[in-house]
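# A structural walkthrough
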Amino acid sequence: MEHHEGMQTHVERLVEVMLQDLRAKASPEFAEILETIPVRVLWESPEHDRYGDFFGVPLDMGNGGEAVASDIIIYAGPLLAHSNGDDQELHRMTHKTLMHEIGHYLGLDHAELEKRGWN
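From a predicted model like this one, the values you see are computed outputs, not experimental measurements. (Residues numbered from 1 in each chain as written. Predicted model: local features only at pLDDT ≥ 70, side-chain atom pairs only at ≥ 80, totals over all residues. Heavy atoms only, no water.)

## Thoughts on the pattern of salt bridges
Counted by the stated rule, this structure contains eight salt bridges. Lys25 is paired through a salt bridge with Asp21; the nearest N and O atoms lie 3.1 Å apart. One end of the pair is Lys25 and the other is Asp21, both in helix α1 (residues 2-25) and four residues apart, which spans about a single turn. Classification of Lys25 as exposed rests on a relative accessible area of 66%. According to the relative accessible area criterion, Asp21 is partly exposed, its value standing at 37%. Put simply, Asp53 and Arg50 hold a salt bridge, and the shortest N to O gap is 2.6 Å. Salt bridges sharing common partners tie together Glu16, Arg23 and Glu35. (Salt bridge = Lys/Arg side-chain N within 4 Å of Asp/Glu carboxyl O. Helix = DSSP H or I, 4+ residues; strand = E, 2+ residues; numbered from the N terminus. Buried < 20%, exposed > 50% of the residue type's maximum accessible area, 1.4 Å probe, protein only.)

## Overview of the environment of Gly103
As for its position among the elements, Gly103 is in helix α4 (residues 87-105). For Gly103, a relative accessible area of 0% puts it in the buried group. Sequence-wise, Gly103 and Trp118 are 15 residues apart; in three dimensions their C-alpha atoms are separated by 7.8 Å. Excluding residues within four positions of it along the chain, Gly103 makes contact with Leu108, Leu113 and Trp118. (Contact = heavy atoms within 4.5 Å.)

## Section: the sheet that holds strand β3 (residues 71-75)
As summarised here, the arrangement of the three strands in space is β1-β3-β2, forming an open sheet in which the pairing is mixed. For this open sheet the edge positions go to β1 (39-42) and β2 (52-55), each flanked by a neighbour on one side alone. Direction aside, the axes of adjacent strands within the sheet are offset by 20° on average. Strand direction decides the pairing type here: β2 and β3, joined by four bridges, are antiparallel. (Pairing = 2+ DSSP bridges. Axes fitted to C-alpha atoms, helices over the stretch in contact; angles between N-to-C directions.)

## Notes on the layout of surface pockets
Considered as a void within the structure, the largest pocket measures approximately 250 Å³ in volume. If you go around the largest pocket, you meet 14 residues; those closest to its centre are Tyr51, Thr97, His100, Glu101 and Asn119. Its residues placed into classes, the lining of the largest pocket shows three nonpolar, six polar and five charged. (1 Å grid on protein atoms, 1.4 Å probe; cavity = no way out; pocket = protein on both sides within 12 Å on 5 of 7 lines; lining within 4 Å. Points joined across faces, edges and corners; volume = space filled by probe spheres on them. Nonpolar A, V, L, I, M, F, W, Y, C, P; charged D, E, K, R; others polar.)

## A few points about α4
The end-to-end C-alpha distance of α4, which contains 19 residues, comes to 27 Å, matching closely the 27 Å that a straight helix rising 1.5 Å per residue would cover. Among the residues of α4, the N-terminal cap falls to Asp86, whose side-chain oxygen and the backbone nitrogen of Gln88 are separated by 2.9 Å. (Expected span 1.5 Å × (residues − 1). Polar contact = N/O pair within 3.5 Å; in protein donor to acceptor, adjacent residues only side chain to side chain.)

## Considering unusual backbone geometry
A positive phi angle, close to 55°, is found at Asn84, a residue other than glycine. Positionally, Asn84 belongs in the loop between α3 (76-83) and α4. Using a relative accessible area of 68% as the deciding quantity, one classes Asn84 as exposed.

See below:
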């Protein structure tokens, strides 16, 4: 369990650095949206092969343009298992998963995510 906690913390830090980088590069309006995105990192996925999930109402469908009871979850265990100990691959997979779930938060469907390379 202790090993899992350390690895989960590693992925949590990776996600936070990615979010900070996105905020730094974003327009002021988008940076503000990124500040409100609820992102959590959990160890296990309810489906063993899932890297992330978005739950809730997308931003574009929310109340007055605000997301309602939304949550992005990144699953550290499957990401670590499928990256096979390769830190660059873990980074790539985590970034793609984070962008995919942010896309859902913004209201993008899978076709639009595919166009952007976030699927």
